[in-house]
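# Remarks on the overall topology
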Amino acid sequence: MAPKPDDRSNNAARLRESIQNTQDNLRESEDYLDEHAEEIAPSELNALKQKNRNRQSAISGFESELEDEEPLES
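The paragraphs below set out a description of the structure included in this document.

Conventions we followed
The written sequence of each chain sets the order in which its residues are numbered from 1. Per-residue local features of the predicted model are confined to residues with pLDDT of at least 70, and side-chain atom pairs are confined, for both listing and counting, to 80 or more; whole-chain, interface and lining totals are unaffected and use all residues. Only hydrogens and water are set aside; all other atoms, that is, all heavy atoms of the structure, feed into the side-chain values. Going along the chain from the N terminus, every DSSP run of H or I of four or more residues is numbered as a helix, and every run of E of two or more is numbered as a strand. When accessible area is computed with a 1.4 Å probe and restricted to protein chains, residues below 20% of their type maximum are described as buried, those above 50% as exposed, and intermediate ones as partly exposed. Contacts: residue pairs with any heavy atoms within 4.5 Å of one another. Think of a nonpolar core as a cluster: buried Ala, Val, Leu, Ile, Met, Phe, Trp, Tyr and Cys residues, connected wherever their side-chain atoms sit within 4.5 Å. To estimate how far a helix should extend, the number of its residues minus one is multiplied by 1.5 Å. Counting rule applied: Lys, Arg positive; Asp, Glu negative; His and chain ends not counted. In the sections that follow, a salt bridge refers to a side-chain nitrogen of Lys or Arg positioned within 4 Å of a carboxyl oxygen of Asp or Glu. Throughout this description, a polar contact denotes any pair of N or O atoms lying within 3.5 Å of each other; where both atoms belong to protein, one of them has to be capable of donating a hydrogen while the other can accept it, and for residues adjacent in sequence the pair is counted only when both atoms sit in side chains.

### Some remarks on the overall build of the chain
When its secondary structure is counted, the chain shows two helices and zero strands. Across the 74 residues in the chain, those meeting the buried criterion constitute 22%. A separation of at least 24 residues holds for 70% of the contacts in the chain among residues at least 6 apart in sequence.

### Some words on the nonpolar core
Generally speaking, nonpolar side chains in soluble globular proteins are found buried as a group. Counting residues in hydrophobic clusters, the biggest one holds six residues: Ala12, Leu15, Ile19, Leu26, Ile59 and Leu66. Among the elements that take part in this core, helix H1 (residues 11-36) stands out by supplying four residues, more than any other. The contact partners of Ile19, leaving out residues within four places of it in the chain, are Ile59, Phe62, Glu63 and Leu66.

### Things to note about H1
Each α-helix turn comprises 3.6 residues. Residues three or four places apart therefore point the same way. Here H1 contains 26 residues, and its C-alpha end-to-end distance of 37 Å stays within 8% of the 38 Å for a straight helix at 1.5 Å per residue. Within H1 the residues assigned to the buried category are Asn11, Ala12, Leu15, Ile19, Thr22, Leu26, Ser29 and Leu33.

### Let's talk about the side chain of Arg55
The topology assignment puts Arg55 in helix H2 (residues 42-73). Of the buried charged residues, Arg55 lacks a salt bridge, with Glu28 as the closest side chain of opposite charge at 7.7 Å. In terms of polar contacts, Arg55 uses its side chain to reach the side chain of Asn52, at 2.9 Å. With residues up to four places along the chain from it excluded, the contact list for Arg55 reads Thr22, Asn25, Leu26 and Ser29.

### Comments concerning the side chain of Asn52
Position of Asn52 among the secondary structure elements: in helix H2. Beyond its immediate chain neighbours, meaning those up to four positions away, Asn52 contacts Leu26, Ser29, Glu30 and Leu33.

### Quick notes on the pattern of salt bridges
One pass over the full model with this rule turns up one salt bridge. The shortest N-O distance in the salt bridge between Asp24 and Arg27 comes to 3.2 Å. Of this pair, Asp24 and Arg27 both sit in helix H1, three residues apart, which is roughly one turn of the helix. Of the residues examined, Asp24 reaches a relative accessible area of 25% and is grouped as partly exposed. Residue classification places Arg27 among the partly exposed residues on the basis of a relative accessible area of 43%.

### Re the environment of Ser60
Within the secondary structure, Ser60 sits in helix H2. Expressed as a C-alpha distance, the spacing of Ser60 and Ile19, which sit 41 residues apart in the sequence, is 8.7 Å.

Structure, rendered in structure tokens:
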């Protein structure tokens, strides 16, 4: 069986979707922390804050990739 061809035609759309999903998850997590931070164990609080930092980094990475991909769409 031959390998699948490298179809990059929808990379920009997938990156935009990933950005939106990650932003939604970040926003939900921040809202949760705003409402429940005092009820959360310190270790869980730190884990959630780290996860949000990772999400912010991921969004930056997706945006950089998107900048590289969008000229290819034209």
